[in-house]
Amino acid sequence: MPIQRPARTNPFRYDVAVVGLGYVGLPTALALRAAGQRVVGMEISSERIAEIRAGSADLLDSDRARLLGALEDGDAFRMTTEPADSATARVVLVCVPTPIDHHLAPDLEALRAACRSVVEHAVPGQTLVLTSTTYVGCTRDFLVEPLRERGLEPGRDVFVSFAPERIDPGNERHVQKQVPRVVGGVTAECVRRTTELLEGCASYVHPVSSVEAAELTKLYENTFRAVNISMANEFADISRGMGLDITEVIDAAATKPYGFMPFYPGPGVGGHCIPCDPHYLLWQLRGDRISSPLIETAMTQVASRPSKVVQRLVEVLAADGKALGKARILVVGVSYKPGVADVRESPALEIIDRMRDAGASVSFTDDLVDSILVRGGRMSSVRPADPSEWDAVLVHTLHPGVDHAWLTDAPVVLDATYRLNEVAHRSVL
């Protein structure tokens, strides 16, 4: 394909193209627009674009206000399904999902397709930035080498960096403007150009020596969280066996001003980062025959947590003279964390499947999630009118601002959040 060379004056219509308008891409596009950049958002799903235009995308209140303003900005904020439009932007950010498959191996289909399209339409003078979490070396495999095959030399004709996303869905305390970003580039000029863009929507930009260092930084961040959550869950089991309140213990430990960071137990971990990202590292390490027993053990514990929830529910029901196979169970909250409607990798989905497989009749209630897809079909949220109609209530996620006082009237409550101190008859996970 012949290389298209931009005009010398004002070659680009947009400052930045954001490829992928999901849980990372859309807030990123809105932050860049709020920083004064002209933005084109690129999305393969026309349904997703319609959802965004309708204002029904799951966003922080601050981002929702930004979206309303951006949709009134005319051509300064545009959304498109046309891949070739990436050629109209000075900087292209790739923000697509990088999940894992059923074998816990990286599913790189979306990332490979997005990078292939960006490379195909790349023009001299552009800066291409990968933000999706991936394995070490992916930026070179998916961008640097394909660009060279097109005759575009990174660091001279085009500029390539890896700047891992740092989005905390549903958390107004960690808005993008207050969070630092890490950037690793193929050359120093690549880092400079990427920094120039990101410093308008980050507290500051921290450069590292290579794209590989930036890639491993992201994997380290989320593996750190997975290992510590795994330990918190283990200490929760230990504390229950000793008749102690794990939340009290963690809060007490957190008074130490150095050498400690609090992590809290729960029914498991969800979302894209913790259940998935460490497996990108483990997959690569297995290929290189490098042992990582601590990480492997932590991820095994993470994966086993939903089954432990079900087993604990069996114990709680048995103490009440009931069997799970004949029980009516209500799950409170199915999103993977409070304050979001996101059910990606939510432990609730596996927990519900396991309870239904055991013969239980299961329903759920969630003020933010209307329906979920589980084995056997789609389930819709219910409004619990009479808590006594359930043999047990499993509390999975507590959304802020939602009244849960009715739980005091439920006959059996298993609190997998460790936060329902006001429910005297509850059992903890």
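Provided above is the structure to which this section pertains.
Before going into details, it helps to say that this report is about the structure given with it. (Residues numbered from 1 in each chain as written. Predicted model: local features only at pLDDT ≥ 70, side-chain atom pairs only at ≥ 80, totals over all residues. Heavy atoms only, no water.)

### Quick word on the overall build of the chain
Then, in step 1: Looking only at helices and strands, the chain has eleven helices and 15 strands in total.
Then, in step 2: Against the 2.2 N^0.38 benchmark of 22 Å for 429 residues, the chain shows a C-alpha radius of gyration of 24 Å, consistent with a compact globule.
Then, in step 3: Along the three orthogonal principal directions, the C-alpha set of the chain runs to about 80 × 50 × 45 Å.
Then, in step 4: Looking at the chain as a whole, 51% of its 429 residues qualify as buried.
Then, in step 5: When contacts within the chain are restricted to residue pairs at least 6 apart in sequence, those whose partners lie at least 24 apart make up 67%.
Then, in step 6: For the chain, the exposed area adds up to about 19500 Å²; of that, 53% sits on carbon and sulfur atoms.
Then, in step 7: Within the chain, the 55 negative side-chain charges are centred at a point lying 4 Å from the centre of the 44 positive side-chain charges. (Helix = DSSP H or I, 4+ residues; strand = E, 2+ residues; numbered from the N terminus. Rg over C-alpha atoms; globule rule 2.2 N^0.38 Å. Buried < 20%, exposed > 50% of the residue type's maximum accessible area, 1.4 Å probe, protein only. Contact = heavy atoms within 4.5 Å. Areas by Shrake-Rupley, 256 points an atom, 1.4 Å probe, with all protein chains shown as cover. Lys, Arg positive; Asp, Glu negative; His and termini not counted. Charge placed at Lys NZ, Arg CZ, Asp CG, Glu CD.)

### Things to note about the packing of aromatic side chains
Then, in step 1: A full pass over the atoms with the stated rule returns three aromatic pairs.
Then, in step 2: Ring centres of Tyr135 and Phe142 lie 6.4 Å apart, and the angle between their planes is 90 degrees; on these two criteria the pair is classed as edge-to-face.
Then, in step 3: Plain terms: the ring middles of Phe224 and Phe263 are 5.7 Å apart, the flat faces sit at 70 degrees to each other, and that makes the pair edge-to-face. One end of the pair, Phe224, is in helix α7 (residues 211-241); the other, Phe263, is in the loop between α8 (246-253) and α9 (273-287), with 39 residues separating them in the sequence.
Then, in step 4: According to the relative accessible area criterion, Phe224 is partly exposed, its value standing at 34%.
Then, in step 5: Here a set of aromatic residues connected by ring pairs shows up, and it is made of Tyr135, Phe142 and Trp283.
Then, in step 6: Its end group placed over the ring of Phe159, Arg193 keeps NZ or CZ at 3.8 Å from the ring centre.
Then, in step 7: Of note, Arg419 hangs over the ring of Tyr264, and the distance from its end group to the ring centre comes to 4.6 Å. (Phe/Tyr/Trp six-rings, centres within 6.5 Å; stacked < 30°, edge-to-face > 60°. Lys NZ or Arg CZ within 6 Å of the ring centre and 35° of its normal.)

### Quick notes on the nonpolar core
Then, in step 1: In this structure, Val19, Val94, Leu111, Leu130, Phe142 and Leu147 are the most contacted members of the largest nonpolar core, which totals 51 residues.
Then, in step 2: For this core, the leading source of residues is α9, giving seven residues.
Then, in step 3: Non-local contacts of Leu111, meaning those with residues more than four positions away in its chain, are made with Val94, Val96, Pro97, Thr98, Leu130, Ser132, Thr134, Cys138 and Phe142.
Then, in step 4: Formed by 32 residues, the second largest nonpolar core is a distinct cluster that contains Ala327, Ile351, Met379 and Ala392. (Core = buried A, V, L, I, M, F, W, Y, C linked by side-chain atoms within 4.5 Å.)

### Things to note about the side chain of Arg48
Then, in step 1: With respect to the helices, strands and loops of the structure, Arg48 is situated in helix α2 (residues 46-53).
Then, in step 2: Judged by its relative accessible area of 18%, Arg48 is buried.
Then, in step 3: Of the polar contacts made by the side chain of Arg48, one reaches the side chain of Glu51; its length is 2.6 Å.
Then, in step 4: Apart from residues no more than four positions distant in its own chain, Arg48 is found in contact with Leu21, Gly22, Leu26, Glu43 and Ala57. (Polar contact = N/O pair within 3.5 Å; in protein donor to acceptor, adjacent residues only side chain to side chain.)

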